[in-house]
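Listed here are the chains, written in short residue letters.
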Amino acid sequence: VMDTYGQVVFHQSTATFVLALALLFSALIGFVSTIRSLVLDKVERLFNEVVFRNAAFGMLFGILVTAVVQSSSVTTSIAVPLAGAGLISTRQIFPYALGANIGTTVTALLAAMASGSVAGLTVAIAHLLFNVYGIVVIFPFRQVPISLSERFAALALKNRMIPVLFIIGLYLVLPFLFIFFAR
């Protein structure tokens, strides 16, 4: 709006509208930030005080989640964003992932029991025992795989080709070498 001298002036209502809009956005940003911190705090407390309060609970939770979804990949993938957000630590995830490995045996055990075959049940129990014994052997030395994984993750963040080369080496080159030298 122009005044009698040809200068542009804002009406008081326009200034009030702009101020109200700025205050509204500021309040919304503050509200979202506060709610997010409250929810994250409660979720973090739930994980730390209930689900992952010690290794036994973490392992049991890993077994139960994997038995329900019947996929250790899904179970482990659930933990990745939680760790990325800093809600749980690598030390908390380790027993959970070990529990997921035991949980994968539930599917094989159920299938073997449904088949009624002694051979099938033998294989399923061997699968279960292999995972349980593996945990018994590695768990007392859990700091070694945890430290190695943390170092590898730090390297992978510095150079994105490292995980790609690792996957190629582990899943293509290493099996090829075993096949080649086993002949």
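See the structure above.
Residues numbered from 1 in each chain as written. Predicted model: local features only at pLDDT ≥ 70, side-chain atom pairs only at ≥ 80, totals over all residues. Heavy atoms only, no water.

Novice: Give a description of unusual backbone geometry that names residues and reports values.
Specialist: With a phi angle near 55 degrees, Gln70 is a residue other than glycine that sits in the positive phi range. Note that Gln70 resides in the loop between helix 2 (55–69) and helix 3 (72–84). (Helix = DSSP H or I, 4+ residues; strand = E, 2+ residues; numbered from the N terminus.)

Novice: Let's hear about the nonpolar core: which residues, and what values?
Specialist: In terms of nonpolar packing, the biggest core is built from ten residues, these being Phe47, Val51, Phe52, Val65, Ala79, Leu82, Leu87, Ile88, Ile93 and Tyr96. Elements that contribute at least two residues to this core include exactly helix 1 (12–51), helix 3 and helix 4 (90–115). In this view, Leu82 contacts Phe47, Leu87 and Ile88; residues no more than four positions away in its chain are not counted. Within the second largest apolar cluster, seven residues are counted, among which are Met59, Phe94, Ile135 and Phe139. (Core = buried A, V, L, I, M, F, W, Y, C linked by side-chain atoms within 4.5 Å. Buried < 20%, exposed > 50% of the residue type's maximum accessible area, 1.4 Å probe, protein only. Contact = heavy atoms within 4.5 Å.)

Novice: Any details on the packing of helix 4 against helix 5 (residues 118–138)? Residues and values, ideally.
Specialist: The contact between helix 4 and helix 5 brings their axes to 8 Å, and the two run at 170 degrees. Taken together, helix 4 and helix 5 sit at an angle that is classed as roughly antiparallel. Taking contact as the criterion, the partners of Leu98, Asn101, Ile102, Thr104, Thr105, Ala108, Leu109, Ala112 and Met113 in helix 4 are, on helix 5, Gly120, Leu121, Ala124, Ile125, His127, Leu128, Asn131, Val132 and Ile135. Each residue belonging to the contact of helix 4 with helix 5 can be placed in one class, and the counts come to twelve nonpolar, six polar and no charged. (Axes fitted to C-alpha atoms, helices over the stretch in contact; angles between N-to-C directions. Parallel < 35°, antiparallel > 145°, perpendicular 65-115°, else oblique. Nonpolar A, V, L, I, M, F, W, Y, C, P; charged D, E, K, R; others polar.)

Novice: Please provide a residue-by-residue account of the pattern of salt bridges, values included.
Specialist: Counting across every chain of the model gives one salt bridge. With its nearest N and O atoms 2.9 Å apart, the salt bridge here joins Arg91 to Glu150. Here the residue Arg91 occupies a position in helix 4, and Glu150 occupies one in helix 6 (residues 143–158), the gap between them amounting to 59 residues. On the accessibility criterion, Arg91 (42% relative accessible area) is partly exposed. Judged by relative accessible area, Glu150 falls into the partly exposed class, the value being 33%. (Salt bridge = Lys/Arg side-chain N within 4 Å of Asp/Glu carboxyl O.)

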